[in-house]
Amino acid sequence: MTVEYKNASSRLVDNSQVFIMSFTGKYVLESQENYQEFLKAIGVSQMEIPNEDMVTDLYEGAYYRITKYFGSQTQSNTFLLGREAELEDLDGTTFQTIVNKEGNKIKIQFPKYVYTAQLSGDVLIEVNSIPGGITNKMVSKRQRD
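Counting of residues starts from 1 at the beginning of each chain's written sequence and follows it residue by residue. Local features in this predicted model are restricted to residues of pLDDT 70 or higher, and side-chain atom pairs are both shown and tallied only at a pLDDT of 80 or more, whereas totals for entire chains, interfaces and linings draw on every residue. For side-chain calculations, the full set of non-hydrogen atoms in the structure is used, while hydrogens and water are omitted.

Some remarks on the overall build of the chain
Definition in use: Per the convention used, a helix needs a DSSP run of H or I reaching at least four residues, while a strand needs a run of E reaching at least two, with both numbered from the N terminus. Type-normalised accessible area, obtained with a 1.4 Å probe on protein chains alone, sets the label of each residue: buried when under 20%, exposed when over 50%, and partly exposed for intermediate values. Residues are treated as being in contact if the distance between any of their heavy atoms lies within 4.5 Å. Shrake-Rupley sampling with a 1.4 Å probe provides the accessible areas, and residues are treated as covered by the protein chains on show and by no other component.
When its secondary structure is counted, the chain shows one helix and 13 strands. Reading the chain from its N terminus to its C terminus gives the helix and strand order β-β-β-α-β-β-β-β-β-β-β-β-β-β. Evaluated residue by residue, the chain yields a buried proportion of 38% over its 145 residues. Long-range pairs, those at least 24 residues apart, make up 40% of the contacts in the chain between residues at least 6 apart in sequence. Only carbon and sulfur atoms are counted for the fraction: they give 46% of the accessible area of the chain, which is about 7900 Å².

Description of the sheet that holds strand 6 (residues 73-79)
We count it as follows: At least two bridges found by DSSP between two strands is the condition for calling them paired. A fitted line through C-alpha atoms represents every axis, and for helices the fit uses only the stretch in contact; the resulting angles, taken between N-to-C directions, go from 0 to 180 degrees.
Within the open sheet, the nine strands sit side by side as 6-5-4-3-13-12-11-10-9. Their pairing is antiparallel. The outermost strands of the open sheet, each flanked by one partner alone, are strand 6 and strand 9 (100-102). Neighbour-to-neighbour, the strand axes of this sheet turn through a mean angle of 25 degrees, independent of strand direction. Of the strand pairs in this sheet, strand 9 and strand 10 (residues 105-109) are connected by three bridges, and their pairing is antiparallel. Each residue of the ladder has a partner; that of Lys 101, found in strand 10, is Ile 106. The strands that helix 1 (residues 35-42) touches are strand 3 (25-33), strand 4 (54-60), strand 5 (64-70), strand 12 (123-129) and strand 13 (135-142); relative to strand 13, the one it contacts most, it runs at about 130 degrees.

A closer look at the packing of aromatic side chains
Selection criterion: Any two of the Phe, Tyr and Trp rings considered here, Trp counted by its six-membered ring, make a pair once their centres fall within 6.5 Å; the pair's planes then place it as stacked at under 30 degrees, edge-to-face at over 60, or tilted in between.
Going through the model one piece at a time under the given rule, you end up with six aromatic pairs. Every member of this aromatic cluster is reached through a ring pair, and the members are Phe 38, Phe 95, Phe 110, Tyr 113 and Tyr 115.

Topic: the pattern of salt bridges
Definition in use: Only one rule defines a salt bridge in this text: a Lys or Arg side-chain nitrogen within 4 Å of an Asp or Glu carboxyl oxygen.
As enumerated under the stated definition, the model contains five salt bridges in all. Of the charged contacts, one joins Lys 101 and Glu 60 as a salt bridge, the two residues approaching to 3.7 Å between their closest N and O atoms. Highlighted residues: Lys 101 in strand 9 and Glu 60 in strand 4, separated in sequence by 41 residues. Since its relative accessible area comes to 15%, Glu 60 is described here as buried. In this structure, the salt-bridge partner of Arg 142 is Asp 122, at a minimum N-O distance of 3.3 Å. In this pair, Arg 142 is assigned in strand 13 and Asp 122 in the loop between strand 11 (114-120) and strand 12, connecting sequence segments 20 residues apart.

Looking at the nonpolar core
Within soluble globular proteins, side chains that are nonpolar tend to cluster in buried spots. Here is the rule we go by: Nonpolar core, defined: a set of buried Ala, Val, Leu, Ile, Met, Phe, Trp, Tyr and Cys residues in which side-chain atoms within 4.5 Å join the residues together.
Counting 30 residues, the largest nonpolar core has Phe 79 and Ile 108 as the members making the most contacts within it. Secondary structure elements with two or more residues in this core: strand 3, helix 1, strand 4, strand 5, strand 7 (84-88), strand 10 and strand 11. With residues near it in sequence (within four places) discarded, Phe 79 still touches Tyr 63, Tyr 64, Ile 66, Ala 85, Leu 87, Val 99, Ile 106 and Ile 108.

Focus: helix 1
To keep things clear, this is the line we draw: The arc in question is formed by the directions pointing from the helix axis toward the C-beta atoms.
Within helix 1, the full set of buried residues consists of Tyr 35, Phe 38, Leu 39 and Ile 42. Down the axis of helix 1, the smallest arc covering the buried residues is 100 degrees, so these residues share one side. Along its buried surface, helix 1 packs onto strand 3, strand 4, strand 5, strand 12 and strand 13.

So, in structure tokens, the structure goes:
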């Protein structure tokens, strides 16, 4: 998956340079843990998709947009941090939630699980956790032009 730095910026804080990394970009899945188990636990029909066909496209600006490409299927959610938004779950149902950013993590409370996304350099780490149950971890690499 590829991610482009379109909104990366830096600012001066206490006379030291601090780099603020933007989530904006495309990321290609490199590895995943417990994906099929996670889908089964939340009641979604299992998808057999090669890693290279699972792409996450993120946009960070006045609003955030997370678009997931699962082979021929696409799911997109757009939201403002700290405001109520209508999002779509993996099974296609819509729900209301407030998306937050905690430190360098985006956190979304889905009806059956909690989703977090964070950057570490050119790596996007996404975690789906079912309280008291399965945790799915996906590691994707930023795609460069």
